[in-house]
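Per-entry structural report
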Amino acid sequence: MARKRVYEIARELGITSRELLRVLSDLGMEGLRAVSTVSEEEAEVIKELLLERAGKKEAPSEASVKTKEEASTAAVQKAPEKEKPKPGIPRPPVVAVLGHIDHGKTTLLDTIRRTKVAEKEAGGITQSIGAYQVEYNGRTITFIDTPGHRAFTAMRARGAQVTDIAVLVVAADDGVMAQTVEAIDHIKAAGVPMIVAINKIDKPNANPDKVRQQLADMGFVPEEWGGETIMVPISALKGDGVDELLEMILLVADLHDIRGDPKGELEAWVIESHLDPSRGPVATAVVKNGILRVRDVIVVGTTWGRIRALIDHQGKQIKEATPGMPAQILGLSDVPQPGERVERVKNPREAERIVSERKEARKKPPEPRFPRTFEELFAQREKKKLKLVLKAATVGALEAAKLELGTIQIENVDIELLHAGVGPITESDILLAASVEEGEPLVVGFGVRVDPKARKVIEQHGVPVRTYEIIYDLIREIELAGKRLLGPQYVETKVGEAEVLRTFKISGVGVVAGCRVREGKVIRNGKVKVIRDGEEVFTGEIASLKHFAQDVQEMKEGKECGIRIKDFDKVKPGDILEVYEVKVIQPA
Ligand code: GDP
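None of these values were measured; they are calculated from a predicted model.

1. Quick look at a nonpolar patch on the surface
On the surface, a nonpolar cluster with roughly 250 Å² of combined accessible area is contributed by Phe504, Ile506 and Val509. Looking at the secondary structure, you find Ile506 in strand β24 (residues 489-506).

Given below as structure tokens:
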């Protein structure tokens with residue numbers, strides 16, 4: 001009996017899978033996923049239900065429903081909003097291809113480009129700009145054509161959020177290999193949805209089920225086995241399954257509601273750049289939001305320019321690049337770095353100012369931060385995250401280190417293993433650590449060396465890297481690194497309190513509270529809480545402490561003094577000022 005996928009029903013109804021799933025779950029059919037199959041009869045029932053639902057006069061504003069398409073859309077619109085709609089309109093998803101060497105990433109990108117890029121206009125340059133767009137089923141997909149997790153994570157290490165969906169290529173004759181695991185960890189760290197392309201199924205020794213099993217063992221259960229991971233068997237060489245892969249990419253784009261707002265703020269990232277002997281600095285950017293236009297004045301990292309020309313992936317000059325589009329930019333004064341953001345500014349003057357400020361800032365070392373307010377003190381106690389990349393000489397050593405790591409427990413510190421692998425510390429390990437946004441990264445090697453090629457990246461990104469020969473040294477150091485994350489601990493102790501007797505407004509200074517120290521002492525560098533009728537009305541710092549006209553460091557019980565509180569002029573007679581001393585405890 002013929003079966004249909006839920007996404008096919010959605011397509012027949014002229015709505016996205018996401019919309020259909022939302023309605024189905026509303027109808028109590030939440031078990032279904034877009035890739036689930038249902039029988040023809042069930043498909044009909046689903047359609048009937050949608051029509052019926054749309055037909056009911058639930059919402060008086062609902063107009064009479066005529067066509068199937070209108071009916072289903074109406075049903076969708078009536079579905080309770082589970083999440084706030086994102087601004088903008090669906091845009092082409094930006095896809096990156098990752099996987100082990102020789103598993104067919106380049107072949108896949110070539111096949112898709114060769115067979116799916118819309119007919120090129122005469123005179124276009126065939127040279128790659130670093131990304132291309134394909135048309136499938138009347139929709140567009142953008143592919144980044146530098147495959148591999150190094151490029152993927154190098155961009156993230158600079159803060160770029162380029163990729164929306166990752167395609168993991170695993171050769172069916174070879175199965176999951178070291179770089180497959182690495183790629184998965186990089187995808188996980190990026191938090192983007194993943195589709196698996198099980199490649200080379202044309203080979204006689206291909207064993208797709210083995211790949212499914214290996215991935216399932218890693219927690220990625222294929223959807224055909226009841227899991228969540230979409231896996232598509234393909235032959236990148238022969239083109240088999242490529243259409244289904246594109247279908248799945250669009251499906252995931254719908255499920256994740258990938259959107260861009262042409263009217264919104266410009267969000268575009270450089271994915272490729274070089275110096276062209278005749279055209280000068282050339283950079284390709286992918287636009288995620290807003291529109292990039294010829295003549296725009298842009299700043300990219302520490303370079304800027306007025307866009308002289310925009311060139312699309314087929315070598316055509318275009319006037320603007322809309323969300324989801326890659327475009328080559330001409331007119332920059334210097335070559336920017338991949339991963340840098342393209343920002344539009346008002347005029348060349350502003351661009352020059354921003355660039356010179358950035359160049360200045362890069363020269364200065366960052367200022368050490370000390371908590372200033374109670375809020376900051378509090379924030380200091382929030383949970384910290386240590387994110388590790390662990391490399392070991394052998395599988396046995398790696399397992400032993402992982403086991404020992406599991407025994408480390410530090411209050412308020414979570415230790416998370418971003419990636420664990422066998423072999424030297426490589427450039428991609430460093431980039432993965434450098435791309436950590438939340439928490440602190442640390443790359444550790446157990447009985448392994450740092451690949452010489454990784455050194456430059458270590459310097460560039462300032463990622464901490466340590467290598468050890470003895471497991472207990474490794475564990476002790478990780479523990480210490482975790483404790484250091486907590487930073488100096490600040491302990492505040494109440495040292496006394498004062499009562500406000502009267503207040504004075506001093507022009508140009510603010511309000512000074514004339515107080516009597518009721519208990520303990522008041523200190524010049526103390527923190528202060530203002531208590532009014534038993535309630536805390538303000539917390540902050542003492543800005544000045546005076547005895548008559550004299551600045552003093554502290555005032556003892558029974559004495560009178562003038563206290564000015566930083567950023568607080570609403571102090572009133574009768575308020576109680578509790579004074580705290582903050583002590584710093586350095587970690588071991
Ligand atoms: P990459 O290193 O992942 O980019 O892999 P390539 O795309 O360079 O492919 C490595 C080798 O595998 C090449 O010789 C390809 O021709 C071959 N290859 C790639 N895809 C397929 C496929 O679907 N079937 C077969 N038989 N060979 C493939």
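2. Details of the state of the cysteines
This structure, assessed with the given rule, holds zero disulfides. Free cysteine Cys515: the closest other cysteine sulfur is in Cys561, separated by 5.4 Å. Residue Cys515 is classed as buried on the basis of its relative accessible area of 1%.

3. Remarks on the sheet that holds strand β23 (residues 465-468)
Pairing within the open sheet is parallel, and its four strands lie in the order β21-β20-β22-β23. With one partner strand each, in any of the chains shown, β21 (413-422) and β23 form the two edges of the open sheet. Here the strands of the sheet are splayed against their neighbours by 25° on average, with no regard to which way each runs. Pairing of strand β20 (residues 384-392) with β21, which is carried by nine bridges, proceeds in the parallel orientation. In the strand pairing of β21, Lys385 is matched with Asp414.

4. A look at the site of the ligand
Taken together, the neighbourhood of the ligand is formed by 15 residues, with Asp102, Lys105, Thr106, Thr107 and Asp202 sitting nearest. At 2.8 Å from an oxygen atom of the ligand is found a side-chain nitrogen or oxygen belonging to Lys105. Contacts to the ligand include Leu237, whose backbone N or O atom sits 3.2 Å from an oxygen atom. Within the complex, 74% of the 570 Å² of free accessible area of the ligand lies under protein. No other element matches helix α5 (residues 105-116), which puts three residues into the shell around the ligand. Of the residues in the shell around the ligand, the class split is three nonpolar, seven polar and five charged.

5. Observations concerning the pairing of strand β18 (residues 326-332)
Of all seven residues making up β18, six are buried, and the element is well covered by its neighbours. As paired strands, strand β12 (residues 280-289) and β18 are joined by five bridges and run antiparallel to one another. Looking at the pairing, Ala283 lines up with Ile329 of β18. Bridge analysis of strand β15 (residues 303-311) against β18 gives four bridges, and the strand direction is antiparallel. Within β18, the position partnered with Gly305 by the bridge is Leu332.

6. Digging into the environment of Leu417
Within the element layout of this structure, Leu417 appears in strand β21. By relative accessible area, Leu417 is classed as partly exposed at 35%. With 31 residues separating them along the chain, Leu417 and Leu386 place their C-alpha atoms 8.4 Å apart. With sequence-adjacent residues up to four places away left out, Leu417 is seen in contact with Leu388, Leu390, Lys402 and Leu405.

Rules behind the numbers
Residues numbered from 1 in each chain as written. Predicted model: local features only at pLDDT ≥ 70, side-chain atom pairs only at ≥ 80, totals over all residues. Heavy atoms only, no water. Patch = residues over 30% accessible without salt bridge, like charges linked within 9 Å, V, L, I, M, F, W, Y side chains within 5 Å. Areas by Shrake-Rupley, 256 points an atom, 1.4 Å probe, with all protein chains shown as cover. Salt bridge = Lys/Arg side-chain N within 4 Å of Asp/Glu carboxyl O. Helix = DSSP H or I, 4+ residues; strand = E, 2+ residues; numbered from the N terminus. Disulfide = S-S within 2.5 Å. Buried < 20%, exposed > 50% of the residue type's maximum accessible area, 1.4 Å probe, protein only. Pairing = 2+ DSSP bridges. Axes fitted to C-alpha atoms, helices over the stretch in contact; angles between N-to-C directions. Near = heavy atom within 4 Å. Polar contact = N/O pair within 3.5 Å; in protein donor to acceptor, adjacent residues only side chain to side chain. Nonpolar A, V, L, I, M, F, W, Y, C, P; charged D, E, K, R; others polar. Contact = heavy atoms within 4.5 Å.

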